[in-house]
Amino acid sequence: MTDRQYKTLTIHEFDQAAEKFDDSSPSVYNMCRKDYPNLAAELAEEPFRRVLDAGCGTGSMLFFLKQKYPDKQYAGIDLSPKMVEVAKRKGLKHIFAGDCEMLPFARNSFDTVLCSMSFHHYPHPQAFFDSVFRVLCPGGRLILRDMTTGFVPMQWVWNHVELPLFNLFLHTGDVHVYNEKEIAGLCRNSGMILERFEQREGFRLHCVCRKPLP
């Protein structure tokens, strides 16, 4: 598929899911929200002031953080206009429809960028990492959650069998699931440092990438 086709499928999937994304019925979306406490715990490991949620969906993570840390500054961006519409209903002001591969923010705008279960939808992962590097302050962090496995045959099946089938029959817009070596390469090429890479319960990728100080 072309890059445009991937993104069109992604918009279609999440525009359709927007109104039910936050409900409690069993779904993959409900399961993804279980990542929020892990993100919040990582975020609290050091001081922060300005947070961007890349692939923010309906703004659930930002709403969660805003209740916990009301004095901080938050922004979000998502490819799905319907997701952004739902997020704005929650009173979240700085939420934008846009492409995470071309973040529309000024250089050094944020000390933390969060990205949870969105990265595997990006056709140009290096463009995302480069864009994150640009908008992060020196010393700032990218906290990334997604799917991963250290078992090479399983990753091959995911990327060459399962994801293409999802796109064919479910129209999900999934592109690629990444391993540690791939993430390290994206960091290195963007100028960031991979400080932590973990495979946690449920094949969850949890990593912290840092923009170095001058």
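What counts, and at which threshold
- Chains are numbered independently. Their residues run from 1 in the order of the written sequence.
- Only residues with pLDDT of 70 or above have their local features reported here, since the model is predicted, and side-chain atom pairs are shown and tallied only from 80 upward, although totals for entire chains, interfaces and linings are computed over all residues.
- To obtain the side-chain values, all non-hydrogen atoms of the structure were included, while hydrogens and water were left out.
- Two aromatic rings from Phe, Tyr or Trp, using only the six-membered ring of Trp, form a pair when their centres are within 6.5 Å; if the ring planes differ by under 30 degrees the pair is stacked, by over 60 it is edge-to-face, and anything between is tilted.
- Accessible area is worked out with a 1.4 Å probe on protein chains only. A residue is then buried under 20% of its type maximum, exposed over 50%, and partly exposed in between.
- Geometrically, a lysine NZ or arginine CZ counts as sitting over a ring once it is within 6 Å of the ring centre and also within 35 degrees of the ring normal.
- For two strands to pair, DSSP has to find at least two bridges joining them.
- Counting from the N terminus, the helices are the DSSP runs of H or I reaching at least four residues and the strands are the DSSP runs of E reaching at least two.
- Note on method: axes are straight lines fitted to C-alpha atoms, helices fitted across the in-contact stretch only, with angles between N-to-C directions ranging 0 to 180 degrees.
- Residues grouped as a nonpolar core are buried Ala, Val, Leu, Ile, Met, Phe, Trp, Tyr and Cys residues, joined through side-chain atoms within 4.5 Å.
- What makes two residues a contact is simply this: any of their non-hydrogen atoms within 4.5 Å.
- With strands facing away from the observer, any crossover in which the path from the first strand over the helix to the second runs clockwise is taken as right-handed.

K.L.:
Would you mind going over the packing of aromatic side chains with me for this structure?
P.N.:
Centre distance and the angle of the planes are the two values used to describe a pair of aromatic rings. This structure, assessed with the given rule, holds ten aromatic pairs. The interplanar angle of 70° and the centroid separation of 5.7 Å between the aromatic rings of F96 and F105 together place this pair among those described as edge-to-face. Classification of F96 by relative accessible area gives partly exposed; the value is 36%. A relative accessible area of 13% means that F105 is categorised as buried. Each residue in the set F119, Y122, F128, F129 and Y178 is aromatic and connected to the rest through ring pairs, giving one cluster. The ring of F48 carries K72 above its face, with NZ or CZ at 5.2 Å from the centroid. In this arrangement the basic side chain of K211 is found over the ring face of F133, its NZ or CZ atom lying 4.6 Å from the centre.

K.L.:
Explain the sheet that holds strand β1 (residues 50–54) here, please?
P.N.:
The mixed open sheet is built from seven strands, whose spatial order is β3-β2-β1-β4-β5-β7-β6. Of all the strands in the sheet, just β3 (95–97) and β6 (193–200) have a single pairing partner and so form its edges. Each neighbouring strand pair of the sheet contributes to a mean axis angle of 15°, computed without reference to strand direction. Sheet analysis places β1 next to strand β2 (residues 73–78), joined by five bridges and oriented parallel. Along β2, the bridge assignment pairs A54 with I77.

K.L.:
It is not clear to me how the pairing of strand β7 (residues 204–210) should be interpreted in this structure. Could you clarify?
P.N.:
Across a regular strand the side chains alternate sides, sitting on one face of the sheet and then on the other. Of all seven residues in β7, seven are buried, a share of seventy percent or more. Residue alternation in β7 divides its side chains into two sets, R204, H206, V208 and R210 and L205, C207 and C209, and both sets are buried. Inspection of the sheet shows strand β5 (residues 136–147) paired to β7 by seven bridges, in the antiparallel sense. If you follow L144 over to β7, its bridge partner there is C207. Pairing geometry for β6 and β7, over seven bridges, is antiparallel.

K.L.:
Which parts of the structure should I look at to understand the nonpolar core?
P.N.:
Where a protein is soluble and globular, its nonpolar side chains tend to be buried together. Core analysis: the biggest nonpolar cluster contains 28 residues, and L52, F119, F128, F129, L142, L144 and I183 have the highest contact counts within it. If you list the elements that add at least two residues to this core, you get β1, β2, β4 (110–116), α6 (125–135), β5, α8 (180–190) and β7. Broken down by element, the residue count for this core peaks at four residues, all from α6. The contacts of I183, once residues within four sequence positions are left out, are F119, F129, L144, Y178, L194, F197, L205 and C207. Counting 25 residues, the second largest nonpolar core, distinct from the first, contains A17, V86, L114 and I143.

K.L.:
How do you make sense of the pairing of β1 when you look at a structure like this?
P.N.:
Burial of β1 is extensive: four of the five residues sit out of reach of the surface. One crossover worth recording links β1 to the parallel β2 by way of helix α4 (residues 60–68), and it is right-handed. In this sheet, β4 lies alongside β1 in parallel orientation, the contact comprising three bridges. Of the residues in β4, the one forming a bridge with D53 is L114.

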